[in-house]
Structures are given as structure tokens and as C-alpha cells.
Amino acid sequence: MYQPLADELRPRDLSEVYGQDHILGEGAILRRIIESGVVPNLIFYGPSGTGKTTVANIIAEKTNRRLFKLNATTASTADVKKIVSELDTMLTPNGVLLYLDEIQSFNKKQQQTLLEFIENGKITLIASTTENPYFYVFNAILSRSTIFEFKSLTPEACQQAVERAMRYMERKLNVTVRAEDGVTRFLATACGGDVRKAINAVEVLFTACAADDGVVHISLADAEAVSQRSSMHYDREGDSHFDSVSALMKSLRGSDPDAALHYLARLLEAGDLPGACRRILCSASEDIGLAYPQAVSIVKACVDSALQLGLPEARLPLAQAVILLATAPKSNSVVMAIDAATADVKKGKAGPIPRELQNVHADGAGFEREQGYLYPHDYPGHWVRQQYLPDELVGTVYYRPGDNKFEQSCKTYWDRIKGE
């Protein structure tokens, strides 16, 4: 029966697991827990192909417990109850080790069915998820578990796996591999930190490249063909989306046009045109604001052009907008001002609107009163001193001009008009 190469090469020992030295290296905390033989409830969090299932298998081998595997995307509460029914039987004298993959796909009720048994120790839960567990895992499960993050493998770690896979295939097929310069490095980089993808690519290459006199020739072009866009880790509903748009926004704010273009490219390659447009529009007011007021209208025009063009041409006006925002002067006075005002409103600091600002037409028959509103355009400099804030907030300052040329020139103008 066919067995995928990635499964054939699945590590059987912690020393064979690539790229997770921060938790599995010599003396690292998870390694020490596993080697102790007393394993608590664990949640493994990280991208696909980083070793979560592999480590769960190794733990099962090192403990004297029966291993059950469930994938939450297809499993049901009935599957959990079936496992529970075998507790305290001859089949599970020492309890059960349950590996629950993609736990975020279980709803709250399904996760709750595990609580009683993971608390009394009859079931040791090892759950894995590609999403942030603090957002998707029920709090009661979190409080009874220890979370470990598995990180995407570096190209160096992936290259070790690629080279090991090639050596294995040479032995298995009794052939010699001759790969063009850069093939192993390309495969290690193109997999996007997913070692399973890298090994799958090696398997496909050996399938596609027939041996010639016992020699398999692998070209860089073939490596690029099998890898395609496999380096993309993206899900519009998951962490990868929020991480990408956050990185774009922070790169714009940090005035790094190269980084901003990189994250824009990642969003567009994943087809997330709306996500990119939304962040770019927001940045124009949040991070540039009054330091360059024209940025809003320019960026809006670029976004409109992008939405009319569609991908792939949309990348051009969006790149223009990103470079403009990243290189523009910065001011957060707008967001600071509205946040401060909103905070007061949420605290209930409001009070009646001053009479002179109320709508004069709102008074009913017989209740007309002199409003007392002073029309600023009737006064020198188009300004007259009068109260605008409610009594409770008189003297409150929300907007503080930034130190950029535009806002400082406005401040100088009004200081002169107001005699301040």
C-alpha cells in the first residue's frame, strides 16, 4: 500500500524533529516534560507541517497509554463518547492519550465533553491547532492545559529535511541524484516553513524525473514547477490574515516602504484585495492624518482604481498608495483625539448640549427662547469666543497638534486669531 514519503520519514525520536529547538532542544522545557514520562494536557499551536502530530506520536510511544487520534473537522461528540466508554476497561488500564487535531473546529459543547475526564487524568489531551488557542479554545480547556507554540521552520532547517529525503529516495530506489545548484535551497525556501510540503515536493520530483542509467536529474525549473505557490500560509479567517494586515499597517506606520510592499504582495498573492484596501485606507487617516491631509484623497483614488482594475493590475495603484503612505510625514493626532473623545463619551461624560448650539427649530410652539448663538462669520477672523463643549467638559482638550509643518502652521494661525 502506498505510503507518503513524509509519513515514511516521520521522526521517531525528538532528536529527529527539525526546527523546534526552542521547545524540543536539549534541556528545553517540552523535551524535559516528555522525557519525564509524566505528560500533562497539552495544546500545540502553530502552522501546518511543523511537527505537532509527530511530537504527539512520540509522546504516545514514551508513555504507557493507549493513543486515540481524532480530527475535530470530521469527528463528533459521539466519537469522544466512544473513547470515554473504554475508560477503566482492560483496553485502557492506564488511561487514554487523546490526540485531537484542529481542536478549534470543535464547538464549546463538544470541548466541554472532555472536561471531566481531562481533569481527573483518565484522558490526557494533546490538542493541536493552527489558530490562536486563546481565541478558539474554550477557557476551561485552556486552564487545564499547557500551551506550546510550534514555529515555521527556517529555510536552513527545511533544507536538512530536503537533503535527508533525497538521500532516503536514493537508497530506496537505488539511484544517484544529480540536482542543479540551488534546488535543495529553493525547495527549502518555497515550502514556507512547512517541512511536509518540502518532503512532498521531493517525492513528486522523484516521481516525475525518471532515472537514466541509474541517475535522476533534477532541474531547478522542475523544482519551481512542483513548488508553485506552496510558500503561502494564508486564511482570510485565521491568524495569517490578521498577522499580514497588521504587519502591513505597522510597516506603513514605521515608514518602511520595502516592508510595506512585501506584506502588500503577500496579501495580493493570496487574493485578499479587500483586506489590503481596507488597511491602506485606514492608515491614511490613522498614521498620516493631518501631517499630509491630501493623502486621504490620493489613497482613495488609488483604492478605487484597484477595485475597478481587479487583480493582478490592482497591485499597481495599491503599490503607489503604499509607497506614498510609507514615505509621507506621520501624525497620529487624529486617532488620539477621537479616541480621547470616545473614551469620555463611554464614561458618561456628556451633559446637555449648550443652549446656543441646539437646533433653534426644535422648540415647540410656546417654548421658543432666545438661542444666543454667535455666528463666527460675523466677527473678525471668522471667530468669536463662546462655549461649545457641555458644561461638564469645559476646558477639556482632545486634539493636540502634531509636530509636522501643516499642523504647526494651523496652530500658529489660530493662536494668532484667538490671541493665545
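It should be noted that the structure appears before, not after, this text.
The structure presented is a predicted model; accordingly, all values stated were derived computationally and were not measured.

### Some words on the packing of aromatic side chains
Here comes step 1: Evaluation of the coordinates by the stated rule reveals two aromatic pairs.
Here comes step 2: Between Phe44 and Phe150 the ring centres are 4.9 Å apart and the planes differ by 50°, which places this aromatic pair in the tilted class. In this pair, Phe44 is assigned in strand E1 (residues 42–45) and Phe150 in the loop between strand E5 (146–149) and helix H10 (155–173), connecting sequence segments 106 residues apart.
Here comes step 3: Residue Phe44 is classed as buried on the basis of its relative accessible area of 0%.
Here comes step 4: Pairing Tyr413 with Trp414 gives two aromatic rings, centres 5.0 Å apart and planes at 85°, and the pair type is edge-to-face.
Here comes step 5: Judged by relative accessible area, which is 33%, Trp414 ranks as partly exposed.

### Some thoughts on a nonpolar patch on the surface
Here comes step 1: Together, Ile353, Leu357, Tyr373, Tyr375 and Tyr388 line one region of the surface with nonpolar side chains, adding up to about 480 Å² of accessible area.
Here comes step 2: Tyr375 sits in the partly exposed class, given a relative accessible area of 43%.

### Digging into the sheet that holds strand E4 (residues 123–129)
Here comes step 1: Spatially, five strands are ordered E2-E3-E4-E1-E5 in an open sheet, and the strand pairing comes out parallel. Looking at strand neighbours, the two that pair on one side only are strand E2 (66–71) and E5, the edges of this open sheet. Direction aside, neighbouring strands of the sheet carry axes that sit 15° apart on average.
Here comes step 2: With six bridges joining them, E2 and strand E3 (residues 96–101) adopt parallel strand pairing. Within E3, the position partnered with Asn71 by the bridge is Asp101.
Here comes step 3: Contacts from helix H5 (residues 77–85) reach E2, E3 and E4, with the element oriented near 170° to E2.

### Considering the packing of H10 against helix H12 (residues 195–208)
Here comes step 1: Two elements in contact, H10 and H12, have axes whose closest approach is 9 Å; the angle formed by their N-to-C orientations is 35°. Between H10 and H12 the crossing geometry is right-handed. Within the contact between the two elements, H10 uses Ala161, Val162, Ala165, Met166, Met169, Glu170 and Leu173 and H12 uses Val195, Ala198, Ile199, Val202 and Phe206.
Here comes step 2: Counted by class, the contact of H10 with H12 contains 11 nonpolar, no polar and one charged residues.

### A short note on the state of the cysteines
Here comes step 1: Within the structure shown, the criterion is met by zero disulfides.
Here comes step 2: In this structure Cys191 is a free cysteine whose sulfur lies 3.4 Å from that of Cys158, the closest cysteine sulfur available.
Here comes step 3: In this structure Cys277 is not part of a disulfide, and its nearest cysteine sulfur, from Cys302, lies 10 Å away.

### Comments concerning unusual backbone geometry
Here comes step 1: Residue Pro312 follows Leu311 across a cis peptide bond; omega there is 10°.
Here comes step 2: For Pro312, the location among the structural elements is in the loop between helix H17 (294–309) and helix H18 (315–327).
Here comes step 3: Unusually for a residue other than glycine, Ser255 sits at a positive phi of about 60°.
Here comes step 4: Given the relative accessible area of 36%, Ser255 is considered partly exposed.
Here comes step 5: A positive phi angle, near 60°, is found at His382, a position not held by glycine.
Here comes step 6: By the element assignment, His382 lies in the loop between helix H19 (333–346) and helix H20 (405–418).

### Quick notes on the pattern of salt bridges
Here comes step 1: Applying the stated criterion to the full structure yields 10 salt bridges.
Here comes step 2: For Arg185, the salt bridge identified is with Glu156, shortest N-O distance 3.3 Å. Of this pair, Arg185 sits in helix H11 (residues 183–190) while Glu156 sits in helix H10, and the two are 29 residues apart along the sequence.
Here comes step 3: Take Arg185: its relative accessible area is 35%, and that puts it in the partly exposed class.
Here comes step 4: Among the residues examined, Glu156 registers a relative accessible area of 45% and is labelled partly exposed.
Here comes step 5: Residue Asp304 pairs with Lys300 through a salt bridge whose shortest N-O separation is 2.8 Å. You can see Asp304 and its partner Lys300 sitting in helix H17, four residues apart, about one turn around the helix.
Here comes step 6: In this structure Asp304 comes out as partly exposed when scored by relative accessible area, which is 32%.
Here comes step 7: Salt bridges sharing partners connect three or more residues here, namely Glu26, Arg31 and Glu35.

Scoring rules and cut-offs
- Residues numbered from 1 in each chain as written.
- Predicted model: local features only at pLDDT ≥ 70, side-chain atom pairs only at ≥ 80, totals over all residues.
- Heavy atoms only, no water.
- Phe/Tyr/Trp six-rings, centres within 6.5 Å; stacked < 30°, edge-to-face > 60°.
- Helix = DSSP H or I, 4+ residues; strand = E, 2+ residues; numbered from the N terminus.
- Buried < 20%, exposed > 50% of the residue type's maximum accessible area, 1.4 Å probe, protein only.
- Patch = residues over 30% accessible without salt bridge, like charges linked within 9 Å, V, L, I, M, F, W, Y side chains within 5 Å.
- Areas by Shrake-Rupley, 256 points an atom, 1.4 Å probe, with all protein chains shown as cover.
- Salt bridge = Lys/Arg side-chain N within 4 Å of Asp/Glu carboxyl O.
- Pairing = 2+ DSSP bridges.
- Axes fitted to C-alpha atoms, helices over the stretch in contact; angles between N-to-C directions.
- Contact = heavy atoms within 4.5 Å.
- Left-handed = near helix turned anticlockwise from the far one by under 90°.
- Nonpolar A, V, L, I, M, F, W, Y, C, P; charged D, E, K, R; others polar.
- Disulfide = S-S within 2.5 Å.

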